[in-house]
Amino acid sequence: MKPLSSILFINLFLSMVLSPLFSQKNPDLTDETALKLSALPLGCIDREYPNKPGHTYGSADEVGLSPKALHPVFYGCFDWHSSVHGHWMLIRLLKTKPGIASKNEIITLLNNSFDKAAVEVEKEYFLKYETGKGFERTYGWAWLLKLDEELASWDNPAARQWHENLQPLTGQIVELWREYLPKQTYPNRTGVHPNSAFALGFAIDWARENGNKEFEKELIGKSLDFYGKDTETPAHLEPDGADFFSPSLEIADLMRRILSRDDFEKWLVAFYTQKGIDNISQIPVVSDLDDYQTVHLVGLSFSRVWCMKGIAKSLSEGHPLKLHFEETAQKLLDHALPLVFDGNYGGEHWLASFALMALE
């Protein structure tokens, strides 16, 4: 199997000539769509059950602890990480849609969530229990830093207070991550939660926003060590049956963050094969929206969208993959967005955040 050679690039470019000269504009995040999306985390952040706590019981004394007792802030939305990125999404909507009809409800919820005492309990969870240091490593950690980054970058009095209250937990996550990085010998290339490239990308964004040069340097070093020499990635084998990430696109979306444009384009040529590009450009088949695992494939469309958009933005004008990824992202987004509001709680508790990431 050959990587994308110059001949294949020419073939791809010629196929683009047959497409419209300009790709369709991404649909705007309308007020109506924003309101409908906001209803999903608003409906689950305070909903404790059903719940998948992910807690490893160390003794019989812990058996009676409810999800809310373990996590007084992020106990809803079925699991900890979904609650975290549900909070991120509501903050993002307040920033981008300040007149959203659910504004007062969102602010009330966030005021309750970012209680200093409750955040302190969240922080202590990672230290109190025998396996606490590995809890939500590194998917939930990444979303927590995304949440913190969103607050840190918002010049708003309420956001500044929420951000200040969150700092004990944020600091604990950064400390744990820096302790873990030297021990992480191999990357996790899965299409679900443990994916290393996804988490590294979000962590790098946070480190840059917060000016944490040492953490950024450590993250970039690990990223280059993991993926810098990758070639002919087997993207033609994607996805697995419950993926919400494209392993290959998450890596490419990470590498565009840390390589210069020229170096990234050279790396990308060696990384993908034509067969792989063709495969990840297809709309994932979702056979059952009510199945808690199969519905992950809707999220796969959204994560492909945000990766393709990020990659396309990093490529030179006229690069044959630039237009291809822009058009493919639009196709995937148009197909997946209506599905967010179908199905059951298996999709409702998390998909809105992925949809918002894709829309932006």
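Residues numbered from 1 in each chain as written. Predicted model: local features only at pLDDT ≥ 70, side-chain atom pairs only at ≥ 80, totals over all residues. Heavy atoms only, no water.

Details of the pattern of salt bridges
Consideration 1: The final tally for this structure, using the stated rule, is 15 salt bridges.
Consideration 2: Of the charged contacts, one joins Glu150 and Lys95 as a salt bridge, the two residues approaching to 2.7 Å between their closest N and O atoms. Of the two residues, Glu150 sits in helix H7 (residues 139–152) while Lys95 sits in helix H4 (residues 80–96), which places them 55 residues apart along the sequence.
Consideration 3: Look at Lys95 and you get partly exposed, because its relative accessible area is 21%.
Consideration 4: One connected set of salt bridges, linked through shared partners, spans Arg92, Lys95, Glu150 and Glu360. (Salt bridge = Lys/Arg side-chain N within 4 Å of Asp/Glu carboxyl O. Helix = DSSP H or I, 4+ residues; strand = E, 2+ residues; numbered from the N terminus. Buried < 20%, exposed > 50% of the residue type's maximum accessible area, 1.4 Å probe, protein only.)

Quick look at the state of the cysteines
Put plainly, two cysteines are in a disulfide when a covalent bond ties their sulfur atoms together.
Consideration 1: Applying the stated criterion across every chain, the model contains one disulfide.
Consideration 2: Disulfide partner of Cys44: Cys77, at an S-S distance of 2.0 Å. The S-S bond linking Cys44 to Cys77 shows a torsion near 80°; that makes this disulfide right-handed. Residue Cys44 is located in the loop between helix H2 (31–42) and helix H3 (67–70), and its partner Cys77 is located in the loop between H3 and H4; the two are separated by 33 residues in the primary sequence. (Disulfide = S-S within 2.5 Å.)

What about the nonpolar core?
Consideration 1: Core analysis: the biggest nonpolar cluster contains 109 residues, and Leu144, Leu147, Trp177, Phe215 and Phe302 have the highest contact counts within it.
Consideration 2: Look past the residues within four positions of Leu147 in its chain and what remains in contact with it is Phe74, Val84, His87, Trp88, Ile91, Phe114 and Leu166. (Core = buried A, V, L, I, M, F, W, Y, C linked by side-chain atoms within 4.5 Å. Contact = heavy atoms within 4.5 Å.)

Focus on the environment of Ala117
Consideration 1: For Ala117, the location among the structural elements is in helix H6 (residues 116–128).
Consideration 2: On the basis of relative accessible area, Ala117 is assigned to the exposed category, the value being 53%.
Consideration 3: Sequence separation between Ala117 and Val73 is 44 residues, and the spatial gap between their C-alpha atoms is 9.7 Å.

Some thoughts on the packing of aromatic side chains
Consideration 1: Applying the stated criterion across every chain yields a total of 32 aromatic pairs.
Consideration 2: Note on Trp143 and Phe198: the rings are 5.9 Å apart at their centroids and 50° apart in plane angle, and the pair reads as tilted. Of this pair, Trp143 sits in helix H7 while Phe198 sits in helix H9 (residues 196–209), and the two are 55 residues apart along the sequence. Phe198 carries the same exposure label as Trp143, and that label is buried.
Consideration 3: Members of the aromatic cluster, connected to one another through ring pairs, are Trp88, Tyr139, Trp143, Phe198, Phe202, Phe244, Phe245, Trp306, Trp350 and Phe354.
Consideration 4: A cation over a ring is seen here: Arg47 above Tyr345, with NZ or CZ 3.9 Å from the ring centre.
Consideration 5: Between the NZ or CZ atom of Arg137 and the centre of the ring of Tyr180, over which it lies, the distance is 4.0 Å. (Phe/Tyr/Trp six-rings, centres within 6.5 Å; stacked < 30°, edge-to-face > 60°. Lys NZ or Arg CZ within 6 Å of the ring centre and 35° of its normal.)

A look at the side chain of Asp230
Consideration 1: Mapping Asp230 onto the fold places it in the loop between helix H10 (213–227) and helix H11 (247–258).
Consideration 2: Given a relative accessible area of 14%, Asp230 falls into the buried group.
Consideration 3: Among the polar contacts made by the side chain of Asp230, one reaches the side chain of Arg189 at a distance of 2.9 Å.
Consideration 4: Apart from residues lying up to four places away in sequence, Asp230 is in contact with Arg189, Ile251, Trp267 and Phe271. (Polar contact = N/O pair within 3.5 Å; in protein donor to acceptor, adjacent residues only side chain to side chain.)

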